[in-house]
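Architecture and fold: a report
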Amino acid sequence: MSYTRRTFLTTSAAVATTAASASLLTPRPLLAYIGSRPEPVPPIQDPRLKTLVQRALDAAHDAGATYADVRLTHSIYRTIGGVPATMISDGENMSVGVRALVHGYWGFAASAIWSDDEMVRLGRAAVAQAKSNDFTRTRVVDLAPVPVVQDGHWETPVRIDPFSIYPVELLDYVQSLNLYVGRFPDALVNFNDCMLQTQRKAFGSSEGSYYTQQRFLTQGILQIQVVNGRTHEAITRNLDTLSIAGVGLELYQEQPIRDNIRRLVEEIRTDLALPFKPVDPNRYPVLLDAESVGQLVSATIGAATQLDRALGYEANSSGTSYLNDPAAMLGTYQVGSSLLSVTGNRNEVGGAATVQWDDDGVHPESFPLITNGVVQGFQTVRESAGWLRAPNLGTSQAAAFRSTGCAYARDATDVPLTHTPNLVMQPGTTSADFHDLLRSVERGVVMRNLTVDMDFQQLNGFAMGDAYEVLKGKRTARLDNAGILFRTPEFWKSLTALGGSASARRFGRHVGKGEPRQDSYHSVTAVPALFKDQTIIDVLRKA
Amino acid sequence: MSRRTEAFDRPSPSDGRLLTREEMVRIGDRINGFATGDGSSTVQIDSWWAGELRWARNRVSLTSDRRDIRVSIQRLVSHSVGQAWTNQLDDVSLQAAVHAAERAAQLRPQSRIEDFHPPSPMLPEATPTIWSDATFDATAPMRGTLATSLVSRAEAKGMLSAGFLRMYGSSRGLLQELRGDVAAAGKGTIRYNQFTVGECSMTVRDPKGMGSGWSGLSGFDWAAINGERLADQALEKCLMSLNPVAVEPGRYTVVLEPQAVYDFVLPLVGMTSRGAAESGQGPFVERFDPALRLYRTKLGLKIVDSRVTISHDPNDPLLGVIPEPGLVPIVWIDHGVLTTLTNDRPNHALPLLNENVPSLRRNSFRMSGGTATLDEMIASTERGLLVTRFSGVRLLDGKSVLCSGLTRDGLWLIQNGKISKAVKNMRFRESPLFTLNNLQMLGVPAPIFSAERSEPASAIVPPIKALDFSFTSLADAV
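Residues numbered from 1 in each chain as written. Chains lettered and ligands numbered in written order. Predicted model: local features only at pLDDT ≥ 70, side-chain atom pairs only at ≥ 80, totals over all residues. Heavy atoms only, no water.

In this section: the overall build of chain B. The secondary structure content of chain B amounts to nine helices and 22 strands. Split into buried and exposed, the 478 residues of chain B put 59% on the buried side. Partitioning the contacts of chain B with sequence separation of at least 6, the portion at a separation of at least 24 is 73%. Looking at chain B as shown, the accessible area adds up to about 18300 Å², and 53% of this sits on carbon and sulfur atoms. (Helix = DSSP H or I, 4+ residues; strand = E, 2+ residues; numbered from the N terminus. Buried < 20%, exposed > 50% of the residue type's maximum accessible area, 1.4 Å probe, protein only. Contact = heavy atoms within 4.5 Å. Areas by Shrake-Rupley, 256 points an atom, 1.4 Å probe, with all protein chains shown as cover.)

Take a look at the structure:
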């Protein structure tokens, strides 16, 4: 324990450069059976891993696959808990998955063993799975073409690799935030967890692509409670600057975290001082902060523009989409006001969904989803890129389409599915921020910290959160049990003003889909926004 | 091997898909050997296999065979607990995980009384047979053939079917009191269990998205799941649900199918926490007793219709509860009276308070029913709604258990004792406490579908007919 908290805090920026020596502190745990005997897992770029991948590809090819791809993943998880219990929990897993295509049917086989024999077994097993289907029932898969990736390597550009820092230093740092919160006599910390993960991945396909990639995701939950000494009312909120992102420990280190904690405490104090008022259900202009708008972009557009979902591939699990005729709706369907433009990407720096290559081997670029209120794109993978012309019938037209790079499998035991990319909402053209928009509201409602429930078609929504009455541009009271009831297209068509680019904020989001269910993360960048004529309800009132 | 073992007298699967008891014992011994210093270890080892088939738009979109392992190691060193996990079984990986757990224990200076769990007593325990060879031995070609049969029914009617078949098997070993010193080696205990889960569900939709029908069933035994029957039900519901009309939100008499009852009652059973009630939270607080300075609970008071009994028996294989120390039969609600609030975790400081057993198995229960059939419920209804299932049920208010959610995949208007038309989905706002006090009829309890649990939890619940169910808004999603 040569580091003290002080040295860690002052030298953290330099830590990345000393990663080589620091890595001695992290255990070198796992084994791979390369050749005939076990040996420590080599670095992900070791050419012998490519040989291992190739062995599975060969086995799948020999068994009859027309296309196959293989993933090796090695994931490391570390959770540092500062409150309620101080704890460090480490976890590590290695997986391998082989996906094989035979006569338009996919087979998949996965396990936890990186060995020559297992590669052969899985390659054959994936083909056997595919061949268990009735080939007389025609199914055509036309993979959109993609340039071959030749031995690419990429790492999330982190400035502070969290796994290069001795865990006690991290614990010490996380606990220092408790001490800081303790300076506020009316505040205490409910939860203080720092969650770190990194994953090394090797991907190879039978088309000759091979890449290795190391990603980092860092996330914090710092939940602070502030109590009003007079009324004993307490409000609990999470610090909103620690949501998941594709960064290292700079998530904590490169923000003015103490200022942000102070801001949160002061915000809660301001709220505590506002009187309560029963909500008067009616239609009001509603102002939402950037985080709530981001939640809504993710819930109403992120899910609905997945092409597999729009075509019914998720009908039995997470649902379908209001964009239920995607071919006809593309370029014509008005999902919102002309102020609304949203793009998807998996290449923004620090994004929670950011990669260099997706799980089809596609190098993703930014692509439009909604442009001036009109649907201009869908999230696709190589298989679905051509579906807009002939869903699942297969045509060579697929060649004319490009995947948007949304294939994602969290671990190699998961089969790749279309998952939400990072979403970016185009800000307004003025320099307005949240407070400017607030001043423009004569009589209305402000909502923050929304929880959004969508139906299984992402069409009808119900959102609850902290609600405030606004009179003459000022928040005058808190509204008890207020919620918004909305229908997605009407909601976005009622958008009347957006915050400017300086008011844009990025948040990490977590979503799930699939059978079996898979989880994924993405970032959403949004601005505060004002909506006219929203239905505000009393959520506890029955019919 | 002098180790005490808890009996689960089935031959272990030998094809390598799951770890056997003997393999787990050996892993435990190796972990024991890697421990340094004094203290003891608790190790949980899970291994699982899944054979899955997914289809959509009348074609199989994926068939898969997957397996994985998880070894969770907890080291108790000098009154401090640390843990780590890995999915690798070689010496280097296990040793690294043991050392990570020990390091975590050392780095945890502020261990509190809650951290000290004495080893769970190895009480005589329930050993339900929640293993089915029919589930574990189902092959990919069997799944493929079944899927073709399920899909072709919908396809023949011009509908689109999407669904999921899943056969899952798992073995779990809990090894306790592994002592690091050599003299005590092999003195630990192991509790080993194997279980299976079978799952079949499907959604049949009209190609234009004008109607949707769902059906599904899960349970440990694949042989008890009739996929063809489910496919017929989903198709029939889809065809019946075409071109729904909107009805006014408001209060309706409802006939809820068992799946809808489960979706709706689950939050209520989930709130039967003694700790919450005694700290003044949740629906089961009676009043604050200033003399005792604690909250009196509603134990012993009638809270719902006297025809309702909600109970849990770990010996009931259909509830699929993995045997664990301390799980005993529980009756939460006995003929309408709240009879048990369970602790979330045992109270070690005050062991005498533990007469009510710790139970987090609140999603496995039986709810009593009656003899009425769905047809009888419909025939006796002048005007009401028939609900297939709910989606996205969420608690709005802990005190009243007011919940919100949506109807999904089949909602019909009942008029003059007959199903008259398909209606558009609606969002509801209602409390199961209210509805279970407004029961008119109860039907024969039946098993329901419980998606993708890593444990074979399930429930047996009746269809019900109840009055004044509150639908608050239209949700015209299909």
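Looking now at the overall build of chain A. The number of helices and strands found in chain A is twelve helices and 25 strands. Computed over the C-alpha atoms, the radius of gyration of chain A is 25 Å, within 12% of the 24 Å expected from 2.2 N^0.38 for a compact globule of 543 residues. For chain A, the C-alpha atoms occupy an extent of roughly 75 × 65 × 40 Å along the three principal directions. A burial count over chain A gives 63% of its 543 residues as buried. Per element, the accessible surface of chain A, about 19800 Å² overall, is 52% carbon and sulfur. Positive and negative side-chain charges in chain A, numbering 51 and 55 respectively, have mean positions lying 3 Å apart. (Rg over C-alpha atoms; globule rule 2.2 N^0.38 Å. Lys, Arg positive; Asp, Glu negative; His and termini not counted. Charge placed at Lys NZ, Arg CZ, Asp CG, Glu CD.)

The next subject is the packing of aromatic side chains. Residues and elements named next belong to chain B. Per the counting criterion, the structure on display carries 26 aromatic pairs over all chains. Residues phenylalanine 288 and tyrosine 295 carry aromatic rings whose centres are separated by 4.9 Å and whose planes lie at 65 degrees to one another, so their mutual orientation is edge-to-face. One residue, arginine 70, lies across the ring of tryptophan 85, its end atom 3.8 Å from the ring centre. One cation-aromatic arrangement involves arginine 389 over tryptophan 214; the distance from NZ or CZ to the ring centre is 4.3 Å. (Phe/Tyr/Trp six-rings, centres within 6.5 Å; stacked < 30°, edge-to-face > 60°. Lys NZ or Arg CZ within 6 Å of the ring centre and 35° of its normal.)

Residue and element names in this part refer to chain B. One ladder, built from four bridges, connects strand E16 (residues 402-415) with strand E17 (residues 418-422); its direction is antiparallel. Each bridged residue has a counterpart across the sheet, and for glutamine 415 the counterpart in E17 is lysine 418. Hairpin connection from E16 to E17: two residues lie between these consecutive antiparallel strands, with asparagine 416 at a positive phi of about 50 degrees. (Pairing = 2+ DSSP bridges.)

This part takes up the interface of chain B and chain A. The interface is formed by 78 residues belonging to chain B together with 84 residues belonging to chain A. Between chain B and chain A, roughly 6500 Å² of surface is buried when both sides are summed, and carbon and sulfur atoms account for 50% of that area. For the interface between chain B and chain A, the tally reads eight salt bridges. Here aspartate 90 of chain A and arginine 103 of chain B are joined by a salt bridge, their closest N and O atoms 2.7 Å apart. Linking chain B with chain A are 37 residue pairs in polar contact (both at pLDDT 80 or more). Considering every element that reaches the side of chain B that touches chain A, the biggest residue donor is strand E3 (residues 59-77) of chain B, with ten residues. Taken together, the residues of the side of chain B that touches chain A sort by class into 28 nonpolar, 25 polar and 25 charged. Across four bridges, the pairing between strand E5 (residues 105-111) of chain A and E3 of chain B is parallel. Within E3 of chain B, the position partnered with phenylalanine 108 of chain A by the bridge is serine 64 of chain B. (Buried area = accessible area lost by both parts, 1.4 Å probe. Salt bridge = Lys/Arg side-chain N within 4 Å of Asp/Glu carboxyl O. Polar contact = N/O pair within 3.5 Å; in protein donor to acceptor, adjacent residues only side chain to side chain. Nonpolar A, V, L, I, M, F, W, Y, C, P; charged D, E, K, R; others polar.)

This brings us to the state of the cysteines. Residue and element names in this part refer to chain B. Inspection of the entire model under this criterion finds zero disulfides over all chains. Lacking any disulfide linkage, cysteine 200 is separated from the closest cysteine sulfur, that of cysteine 238, by 16 Å. Judged by its relative accessible area of 0%, cysteine 200 is buried. (Disulfide = S-S within 2.5 Å.)

Turning next to the sheet that holds strand E17 (residues 422-425) of chain A. Pairing is mixed across the open sheet formed by six strands, whose spatial order is E14-E13-E12-E17-E24-E23 (chain A). Because the sheet does not close on itself, it has two edges, and the strands there are strand E14 (374-375) and strand E23 (505-513) of chain A.

In the predicted model, chain B carries a mean pLDDT of 87, and 85% of its residues have values of at least 70. Here the prediction assigns the complex a pTM of 0.93, and the interface score ipTM is 0.92. (pLDDT = per-residue confidence, 0-100.)

Positionally, serine 364 of chain B belongs in the loop between strand E13 (337-338) and strand E14 (365-367). Among the polar contacts made by the side chain of serine 364 of chain B, one reaches the main-chain carbonyl oxygen of leucine 319 of chain B at a distance of 3.3 Å.

All names here are of chain B. When the terminal C-alpha atoms of helix H4 (residues 140-156) are compared, their 24 Å separation across 17 residues agrees well with the 24 Å that a helix rising 1.5 Å per residue should span. Taken together, the buried positions of H4 are occupied by Ala140, Arg143, Gly144, Leu146, Ala147, Leu150, Val151 and Ala154. Each buried residue of H4 lies within a common arc of 170 degrees when the element is viewed along its axis, so the set occupies one face. For H4, the exposed residues lying more than 90 degrees away from the buried face are Thr145 and Ala156. (Expected span 1.5 Å × (residues − 1). Arc of directions from axis to C-beta.)

Residue and element names in this part refer to chain A. Residues of chain A with pLDDT of at least 70 account for 92%, and the chain-wide mean is 91. Note that residues 1-29 has pLDDT below 50 and, in this model, 41 contacts with residues that lie over four places away or in other chains. A low-confidence stretch, residues 391-396 (pLDDT under 50), is modelled with 14 contacts involving residues beyond four sequence positions or located in other chains.

This paragraph deals with helix H1 (residues 21-34) of chain B. Between its terminal C-alpha atoms H1 of chain B stretches 20 Å, which fits the 20 Å expected from 14 residues at 1.5 Å a residue. All of the buried residues in H1 of chain B are Arg21, Met24, Val25, Ile27, Gly28, Ile31, Asn32 and Phe34 of chain B.

Turning to unusual backbone geometry, a few remarks are in order. Geometrically, the link from glutamate 515 of chain A to proline 516 of chain A is a cis peptide bond, its omega value of -5 degrees lying close to zero. The residue proline 516 of chain A is located in the loop between E23 and strand E24 (518-526) in this model. Positive phi outside glycine occurs at asparagine 481 of chain A, with the angle close to 55 degrees. Note on placement: asparagine 481 of chain A falls in the loop between strand E20 (474-480) and strand E21 (482-487). Residues other than glycine seldom take positive phi values, yet aspartate 468 of chain B does so here, at roughly 60 degrees. By the secondary structure assignment, aspartate 468 of chain B is in strand E22 (residues 464-474). On the accessibility criterion, aspartate 468 of chain B (36% relative accessible area) is partly exposed.

Let us now look at the side chain of glutamine 458 of chain A. Residues and elements named next belong to chain A. Along the chain, glutamine 458 turns up in the loop between strand E18 (443-454) and strand E19 (460-471). A relative accessible area of 6% places glutamine 458 in the buried class. Of note is the side chain of glutamine 458, whose polar atom sits 3.5 Å from the backbone oxygen of threonine 320. The contact partners of glutamine 458, leaving out residues within four places of it in the chain, are Ala299, Ala303, Ala304, Arg309, Ser318, Thr320, Tyr322 and Thr488.

For the rest of this paragraph, the subject is the packing of helix H5 (residues 167-181) of chain A against helix H7 (residues 257-273) of chain A. Residues and elements named next belong to chain A. Running from N to C, H5 and H7 point in directions that differ by 40 degrees, and their axes come no closer than 11 Å. Here H5 lies oblique to H7, going by the angle between them. Judged by the twist between their axes, the crossing of H5 over H7 is right-handed. Taken together, the residues of H7 that come into contact with H5 (itself represented by Tyr173, Leu177, Tyr180 and Val181) are Ile257, Arg258, Ile261 and Arg262. For the contact of H5 with H7, the residue count by class is six nonpolar, no polar and two charged. (Axes fitted to C-alpha atoms, helices over the stretch in contact; angles between N-to-C directions. Parallel < 35°, antiparallel > 145°, perpendicular 65-115°, else oblique. Left-handed = near helix turned anticlockwise from the far one by under 90°.)

Now for the packing of H1 of chain B against helix H2 (residues 91-106) of chain B. Residues and elements named next belong to chain B. Where H1 contacts H2, the two axes come as close as 9 Å, and the packing angle between them is 55 degrees. Classified by the angle their axes make, H1 and H2 are oblique. Along this stretch, H1 crosses H2, giving a crossing that reads as right-handed. Only Asp91, Leu94, Gln95, Val98 and His99 of H2 make contact with H1, whose side of the interface consists of Ile27, Arg30, Ile31 and Phe34. Of the residues that constitute the contact of H1 with H2, the class distribution is five nonpolar, two polar and two charged.

Let us now look at the environment of glycine 275 of chain B. Within the secondary structure layout, glycine 275 of chain B lies in helix H7 (residues 274-278). Taking relative accessible area as the criterion, glycine 275 of chain B reaches 41% and is therefore assigned partly exposed.

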